[in-house]
Amino acid sequence: MRFATYTAAGETFYGAVTEAGMIALSPLFPEWSTLRDVIAAQGLFSLEGAAQGMAVTHRDFTYQIPVPNPEKILCVGVNFPDRNAEYKDGTAQPKHMSLFPRFARSFTGAESPLVRPPENHTLDYEGEVAIVIGKGGRRIKPEDAYEHIAALTLCNEGTIRDWVRHAKFNVTQGKNWDNSGAIGPWLVPFTDAAQLDDARIVTRVNGEVRQDDVLSRMMFPIREEIAYISTFTTLVPGDVIITGTPTGAGARFDPPKYLVPGDVVEVEVEGIGILRNTVADEFDGGPA
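Residues numbered from 1 in each chain as written. Predicted model: local features only at pLDDT ≥ 70, side-chain atom pairs only at ≥ 80, totals over all residues. Heavy atoms only, no water.

Novice: Could you clarify how one ought to interpret the overall build of the protein chain in this entry?
Specialist: The secondary structure content of the protein chain amounts to five helices and 19 strands. For 288 residues, the compact-globule estimate of 2.2 N^0.38 gives 19 Å, and the protein chain sits close to it at 18 Å. Principal axes of the C-alpha set define a box for the protein chain whose edges measure 55 × 45 × 30 Å. Within the protein chain, the fraction of its 288 residues that count as buried is 55%. Of the accessible surface of the protein chain, which amounts to about 12500 Å², a share of 50% is contributed by carbon and sulfur atoms. Charged side chains in the protein chain number 26 positive and 38 negative. The centres of these two groups are separated by 5 Å. (Helix = DSSP H or I, 4+ residues; strand = E, 2+ residues; numbered from the N terminus. Rg over C-alpha atoms; globule rule 2.2 N^0.38 Å. Buried < 20%, exposed > 50% of the residue type's maximum accessible area, 1.4 Å probe, protein only. Areas by Shrake-Rupley, 256 points an atom, 1.4 Å probe, with all protein chains shown as cover. Lys, Arg positive; Asp, Glu negative; His and termini not counted. Charge placed at Lys NZ, Arg CZ, Asp CG, Glu CD.)

What follows is the structure, given as structure tokens:
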């Protein structure tokens, strides 16, 4: 079963996703304000049980990012061999993974536009799998890491490329423009290692495949990501780790293929779903 955060008639809910629409579950669990609270209470299976036999409550709705208030969103950069080679700097696989933070405000939900700001038009896409931490911990061992995952979702880690080059040691300002990326459309409970180990990720722009790879080729597998990150910071329920994008981002074409208004970007992983977003200019269809 899939679970989403959404708005309908000006009110925010979380609930179960069906082909016919949403089943609002948040009114049944007032002790859990958001899906972050559900995850912290290990309550996803309680939601699944409650949804059985219930009728759809909302057919007209807008997706929000699934965990609306995570304490941390951490992104792993340059995590596929071909992606490392794209930089053409002659470097071998790095010893340690690259990390940077993103703010929840920099993401929108599925089916909403990614926003291209007026200050710069180098909006790029990066299709990725995102994991949501269910059981917190510090100094988690790689062999235990999967026990700490509650759910999976998808991410388009939209980036303003020119702004990641504004400084020598960080990319944060290019990665955090409001509504420049997307997470969603929903959470899929994590129950089997094969959901990650055998996963293939594909990113399409206007139907054209731009990225296509398998997570097993990651230079830093997800088990290692959880172990490494939890060495220096305590992971808590609801934290999101965005695990890395394959080769094929728009900046790496010659000439670059940046996103423009009207584009449709899809990130797909079998077993999780499709994260679909359009592109709009700020002040011209996109939120300010």
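Novice: So what exactly am I meant to see when it comes to the layout of surface pockets here?
Specialist: A water-sized probe, rolled over the atoms, reveals where empty space remains. A volume near 210 Å³ is recorded for the second largest pocket. If you trace the second largest pocket, you find 13 residues lining it, with Gln42, Phe45, Gly134, Ile149 and Ala150 closest to the centre. When residues of the lining of the second largest pocket are traced back to their parent elements, those giving at least two are helix 2 (44–51) and strand 11 (149–156). For the lining of the second largest pocket, the class distribution of residues is eight nonpolar, three polar and two charged. (1 Å grid on protein atoms, 1.4 Å probe; cavity = no way out; pocket = protein on both sides within 12 Å on 5 of 7 lines; lining within 4 Å. Points joined across faces, edges and corners; volume = space filled by probe spheres on them. Nonpolar A, V, L, I, M, F, W, Y, C, P; charged D, E, K, R; others polar.)

Novice: What's the story with the pattern of salt bridges in this structure? I'm lost.
Specialist: Pairing is possible between side chains of opposite charge, provided their charged atoms come close. For the structure on display, the rule yields 19 salt bridges. The partner of Glu268 in a salt bridge is Arg204, and the shortest N-O contact between them spans 2.8 Å. Residue Glu268 is located in strand 17 (residues 264–269), and its partner Arg204 is located in strand 14 (residues 200–205); the two are separated by 64 residues in the primary sequence. Close ionic contact of Glu208 with Arg210 constitutes a salt bridge, the shortest N to O distance being 3.1 Å. We classify Glu208 as partly exposed; its relative accessible area is 37%. We classify Arg210 as buried; its relative accessible area is 14%. One network of salt bridges, with partners in common, ties together Arg102, Asp124, Glu126, Glu157, Arg161 and Lys175. (Salt bridge = Lys/Arg side-chain N within 4 Å of Asp/Glu carboxyl O.)

Novice: For this particular structure, what's the right way to read the packing of aromatic side chains?
Specialist: Aromatic ring pairs are described here by two measures, namely the spacing of the ring centres and the angle between the planes. Under the counting rule described, the total for this entry stands at eight aromatic pairs. Note on Phe29 and Trp32: the rings are 5.1 Å apart at their centroids and 10 degrees apart in plane angle, and the pair reads as stacked. Comparing Phe29 with Trp32, the two get one shared label, buried. Taken together, a centroid distance of 5.2 Å and an interplanar angle of 90 degrees make the contact between Phe61 and Tyr63 edge-to-face. The exposure class assigned to Phe61 is partly exposed, which follows from its relative accessible area of 24%. Using a relative accessible area of 11% as the deciding quantity, one classes Tyr63 as buried. Through a chain of ring-to-ring contacts, three or more aromatic side chains come together here, namely Tyr6, Phe13, Phe61, Tyr63 and Trp186. The side chain of Arg223 reaches across the aromatic face of Tyr146, ending 3.8 Å from its centre. For Lys257, the ring lying beneath its charged end belongs to Phe253, and the centroid distance is 4.4 Å. (Phe/Tyr/Trp six-rings, centres within 6.5 Å; stacked < 30°, edge-to-face > 60°. Lys NZ or Arg CZ within 6 Å of the ring centre and 35° of its normal.)

Novice: Even after reading the chapter, I still don't get empty space enclosed by the protein, so can you show me in this structure?
Specialist: With the rule as written, the count across this model stands at one cavity of 30 Å³ or more. The volume enclosed by the largest cavity comes to roughly 40 Å³. Along its surface, the largest cavity is lined by Ile65, Pro66, Val67, Pro70, Ile73, Val132, Thr153, Ile183, Leu187 and Val240. Residues belonging to the lining of the largest cavity are distributed by class as follows: nine nonpolar, one polar and no charged.

Novice: Help me understand the nonpolar core, please; the structure alone is not making it clear to me.
Specialist: It is characteristic of soluble globular proteins that their nonpolar side chains tend to be buried jointly. Ile149, Leu196, Ile222 and Ile226 are the most contacted members of the largest nonpolar core, which has 51 residues in total. Apart from residues no more than four positions distant in its own chain, Ile226 is found in contact with Ile131, Ile140, Ala145, Ile149, Leu235 and Ile241. (Core = buried A, V, L, I, M, F, W, Y, C linked by side-chain atoms within 4.5 Å. Contact = heavy atoms within 4.5 Å.)

Novice: Whenever I open this one, helix 2 confuses me. Can you help?
Specialist: An α-helix turns once per 3.6 residues; consequently, residues spaced three or four apart project the same way. Of the residues making up helix 2, those classed as buried are Leu44, Leu47 and Ala51. Buried positions in helix 2, seen along its axis, are confined to an arc of 55 degrees and lie on one side of it. If you follow the buried residues of helix 2, they end up packed against strand 1 (2–8), strand 2 (11–18), strand 3 (21–24), helix 1 (35–40), strand 11 and strand 13 (181–189). Taken from the residues just after helix 2, Gly53 is the one with a positive phi, measuring 80 degrees. (Arc of directions from axis to C-beta.)

Novice: What should I look at first to understand the pairing of strand 2 in this one?
Specialist: Here is the key point about a regular strand: its side chains alternate between the two faces of the sheet. The sheet contact formed by strand 1 and strand 2 spans seven bridges and is antiparallel. For Thr7, the partnering residue across the bridge sits in strand 2 and is Thr12. Between the end of strand 1 and the start of strand 2, which pair antiparallel, lie two residues, with Ala9 showing a positive phi angle near 50 degrees. As paired elements, strand 2 and strand 3 share four bridges and run antiparallel to each other. (Pairing = 2+ DSSP bridges.)

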